[in-house]
Amino acid sequence: MQLIQKYEEEMALVRGWAGWIGVLLLAAGLLAAPWVLKGYQLYIANIIGIKIIVAIGLNLLVGYTGQISLGHVGFVAIGAYAATHFVTAFERSAAFQWVGGPFWVALLVGGAAAAVFGVLVGLPALRLEGPYLSIVTLGFGLAVQQILINWPAVSGGRIGMFVPTPKIGPWWLDSDRGLYFLVWTCVVLGSLVAFNLTRSHVGRAFVALRDSDIAAEVTGVNLRYYKTLAFAVSTFYAGLGGALEAYVVQYLEPTMFNLYESIYYLAMVVVGGLGTIPGSMFGATLLSFLQFGLSGAQEYLPVLYGAVVILVMTVEPLGLYGRWLKIKLWSKTWPL
Amino acid sequence: MYFWQLVVSGLSIGSLYALVSLGIVLLYRTSRVLNFAHGDMSMITTMVAYSLLTAAGFAFGPAAVLTLAVAFAAGAAFYFLVLRPVKEATLLGQIITTAGFSLVLSGLAVVVWSADTKVLPFPLSRAVVYNIAGLAVNQVALGSFLVAVVSVLGLYLLVQRTRFGLAMRAVSQNDVAARVLGIPVRRVFAVTWGVSATLGAIAGMLLAPVTLVSPSMMFDPFLKGFAGAVLGGLDSLPGAIVGSLVIGVVENLFGGYVSTSLRTTVAFVMIIAVLLVRPEGLFGHKFMRRV
Amino acid sequence: MRLAYRARIAMGLALVMAALLVLPAAAQERGITPTEIILGVSAPLSGPAAPWGATARGVEAYLAYINEQGGIHGRTLRFEIRDDGYQPARAVANVRELVERVGVFGIVGMIGSANAAAVRDYMFRNEVVWMTPAVESDPWIGNPNITYLFVTYPNYYQEAKILARYAVEELGLSRIAVFYQNDQYGSNGLRGVRDALAEMGMAPVAEVSYELTDADLSVHALRIAQAQADAVVMYATPNHGAMMAAALAQQNPRPQILSSFTLADPIMARLAGPAWDGVIVPSYFPYPGTDEKVDRVLQILVERNPELANMAFNALAGVTFVEPMLEGLRRAGPNLTKESFVAAMESIQNWDGELLRGVTFGPGRRQGINSIFLARMVNGVPEPLTDWIEYPVEF
């Protein structure tokens, strides 16, 4: 067993040779996937990637900072529509050609648009706690959906909106493989940013806020700034996820962004493990796979989904990541 | 006239929201758990009532009593079988467990009772309309309003006038201290779950003639009940009633004068506005924490 | 990073086409084996739209019956159902799995404008046979890609025009209100009523929308009462239609309800009770209980899936989606390919099925039916009011 001697070692992203082997295997798997998986499987992989991005963002808010959002799908919707409007506006203009076209810029635009609303919703969060905050976010999520339904100029109404095929530089991302690289590049970048954020002073401030906001304020953490920042970062991820969802599904319609989806996102975070980035990945992968991979279960699908959630929470209250830690600890203390 | 008619129908649906929200608040006060399965528990018990009334051929009275008993038992059982085992989970973990349970229930409803809409044989009729001071009120609305009032009175007596109610209030203030004092906390939790589910069952059966019986019948009433509970202050039983009635009336006035398509949004905007002024809701207690 | 180019795909397609040309007989059509024809659908079996999942169950039960009769030209029909919970992203995953992994010959039905829209381009690009997505007609009108699409479903917009005209011209009513679901289905109905009334120099006195999740419709009914409507055109689910009918029945005088054909459902008389009496409702196939053939089909379905007894209209609608396809498969003969199937479908002229009447397809015609008839409900039984009323063929 390896002894940790320095703070840098404790904070390192990848620990020891076993860690590096794991990372290399993961990278090899991710790179091989588009050649191993078939078309629709890649589509599902892309959806899972999107869910991972949103779940990581939500975890930064819920797991790290302790602020509940029951309307996260509202931010996903804002990101999706903002990005789509951006690309339809600039698709044919020369404005963004020098950076490789408007499509990847639109991902940032989607994220930023969602973050703006995130900050707005975060403002009341400075005063509200627990379930009171959850109802504000829930109301926000429902409001976004209803407003989109009743504002056809933005949403295309219930006819929906078709999303142009993304093109980055000279590459048309009209295949599942192209989209896979786009989505999973974002997943990797998003996780790296999240990892780095959580092990920096920002992450420590978030956790301090979660554990006791009064104590955190007394020790000099700027409550206002960090709570708002948590909302901004978290909703940026949601908006980015929404923009990617627009590219992958290539169609947007307000009912895609309903209350259930918000609850599914929250379930991914909790089932995966609150306050851990890999947990969000596990949770998002497991639960989206249930929905997208097992649709042959027909009307038993919600029963199955709910039962898995209950089972995980019963067997492992800390979520999948908690179990993973236990397995790791067990293997580390293996008497060899 | 139109105005008052809108108010009356708002109060009538609001009283049903109130029954839903009382179940939510009762549970929240005692255990701090927001029960996302509350709506679907009501829906399932209404399905049970439907089966008792049709397939099993019970009369309405016995079927209703039996349904309430089933609801009580199911609520308590849910606590012992599902929520107790996850007691180590965080509060959010427990909330998500209830959300998972809600998915299981709504799925089971489709599997067992199928997805079609059903009519619960109900002793009162919507076609019978009374004229009260120039306002039309149908029999179902009147009857359910009265049942709601009686249920609220019953709940008040239970919480404020019995030893058990005292124990519930003690647990809601500090469950560790209550345990130290010899209050059987687990039993109090279980009974609270049972009472909450019973309130939900009453709400479900009274909503049945309004919304008809289907697996998604409680979606909107649950949201509105939840909203009413937050508006009133989540730890206040009178607050839940007032909050729900306000939601019912505001929603109807907006629907009646402005638009029927943004009603839910308006209800939530109103809640957010209220929370900005009073973060603990209309009747809730101020947060006080020891540092 | 290697990304796929359009050219690459075009080349791939060209290769596949070349392969098909070289090996016309040996090449196996997707979804057709010597013993089987594979069909599939993604349907809402859970979630808020679960009742419409019965359309898929209806198809399933009817195909089971066809298989018991020996299938078609020695092939049995396999029907794969996937649940999408009424979510477009999941519908896409399901349809793609059905096409790419299961390898279906065609998709039968599809519920929900959004779900159908989300898979539309994929279906066209991959030239998948598609029978009657249960949606409005606008996406197909003037669309050049609908070679493999066959629709036997009425046009909501044209139906709404017929209803509005009937209310004004035959019933002599003038204050028409519209009660509609705030979605594509409802807004097509609203548009139809508006346009028909505008042609007669009138306008609806009230346009009241509701959301699929709305539980209480008292305020909607009050608005219609306030507008003193003497007729209400309804585009709603059975659930909301029954709730609204019950609320309108409390009004004096009671407005005449004219509803969309989606409420031509025997369940309505049970859900709304006497409030459904006198309602005028169109239908695109004979109403159950009024026609021997239709009753026989319903009996076949219920014998194989008793749950469908309570969802008769949806189950029968499912059969209307698949029925013309079965005729096409019969006509295409044992040497079945996609092209021979399309040719067989195009040969269907004025054909009467068990449910559908007067189905006509042709080269350049994919809209199989273009007529409905109106009936009035009397004691839960429909009494025909009109003969078949035709509307223009648009695609």
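Everything in this summary refers to the structure shown in the same document. (Residues numbered from 1 in each chain as written. Chains lettered and ligands numbered in written order. Predicted model: local features only at pLDDT ≥ 70, side-chain atom pairs only at ≥ 80, totals over all residues. Heavy atoms only, no water.)

**Structural notes on the overall build of chain B**
Phase 1: Within chain B one finds 11 helices and 2 strands.
Phase 2: Each helix and strand of chain B, placed in order from N terminus to C terminus, yields the pattern α-α-α-α-β-β-α-α-α-α-α-α-α.
Phase 3: In terms of overall dimensions, chain B is globule-like: its C-alpha atoms have a radius of gyration of 19 Å, near the 19 Å expected for 291 residues.
Phase 4: Along the longest, intermediate and shortest principal axes, the C-alpha atoms of chain B span 55 × 50 × 35 Å.
Phase 5: For chain B, with 291 residues in total, the buried portion stands at 62%.
Phase 6: Contacts spanning at least 24 positions in sequence make up 73% of the contacts within chain B whose residues lie at least 6 apart.
Phase 7: For chain B, the exposed area adds up to about 11100 Å²; of that, 70% sits on carbon and sulfur atoms.
Phase 8: Where the 18 positive side-chain charges of chain B centre and where its 8 negative ones centre are 10 Å apart. (Helix = DSSP H or I, 4+ residues; strand = E, 2+ residues; numbered from the N terminus. Rg over C-alpha atoms; globule rule 2.2 N^0.38 Å. Buried < 20%, exposed > 50% of the residue type's maximum accessible area, 1.4 Å probe, protein only. Contact = heavy atoms within 4.5 Å. Areas by Shrake-Rupley, 256 points an atom, 1.4 Å probe, with all protein chains shown as cover. Lys, Arg positive; Asp, Glu negative; His and termini not counted. Charge placed at Lys NZ, Arg CZ, Asp CG, Glu CD.)

**What to know about the overall build of chain C**
Phase 1: Looking only at helices and strands, chain C features 12 helices and 13 strands.
Phase 2: Since a compact globule built from 395 residues should have a radius of gyration of about 21 Å, the 22 Å found for chain C is in line with a globular shape.
Phase 3: Projected onto its principal axes, the C-alpha positions of chain C cover 75 × 50 × 35 Å.
Phase 4: Counting over 395 residues, chain C shows a buried share of 64%.
Phase 5: Counting only contacts in chain C whose residues sit at least 6 apart along the sequence, the fraction spanning at least 24 positions is 66%.
Phase 6: Of the roughly 13900 Å² of accessible surface on chain C, a fraction of 52% belongs to carbon and sulfur atoms.
Phase 7: Of the side chains in chain C, 31 bear a positive and 41 a negative charge, and the two mean positions are spaced by 7 Å.

**Quick look at the interface of chain A and chain B**
Phase 1: Counting residues at the interface gives 41 residues for chain A, matched by 47 residues for chain B.
Phase 2: Carbon and sulfur atoms supply 80% of the area buried between chain A and chain B, which totals about 3800 Å² over both sides.
Phase 3: When residues of chain A are sorted by the area they lose upon contact with chain B, Arg 127, Tyr 132 and Ile 135 of chain A head the list and together hold 18% of the total.
Phase 4: Between chain A and chain B we count 0 salt bridges in total.
Phase 5: Inspection of the chain A/chain B interface yields 6 residue pairs in polar contact (both at pLDDT 80 or more).
Phase 6: Counting only elements with at least two residues in the side of chain A that touches chain B, the list comes to helix H6 (130–149), helix H10 (213–218), helix H12 (259–272) and helix H14 (301–315) of chain A.
Phase 7: Broken down by element, the residue count for the side of chain A that touches chain B peaks at 11 residues, all from H6 of chain A. (Buried area = accessible area lost by both parts, 1.4 Å probe. Salt bridge = Lys/Arg side-chain N within 4 Å of Asp/Glu carboxyl O. Polar contact = N/O pair within 3.5 Å; in protein donor to acceptor, adjacent residues only side chain to side chain.)

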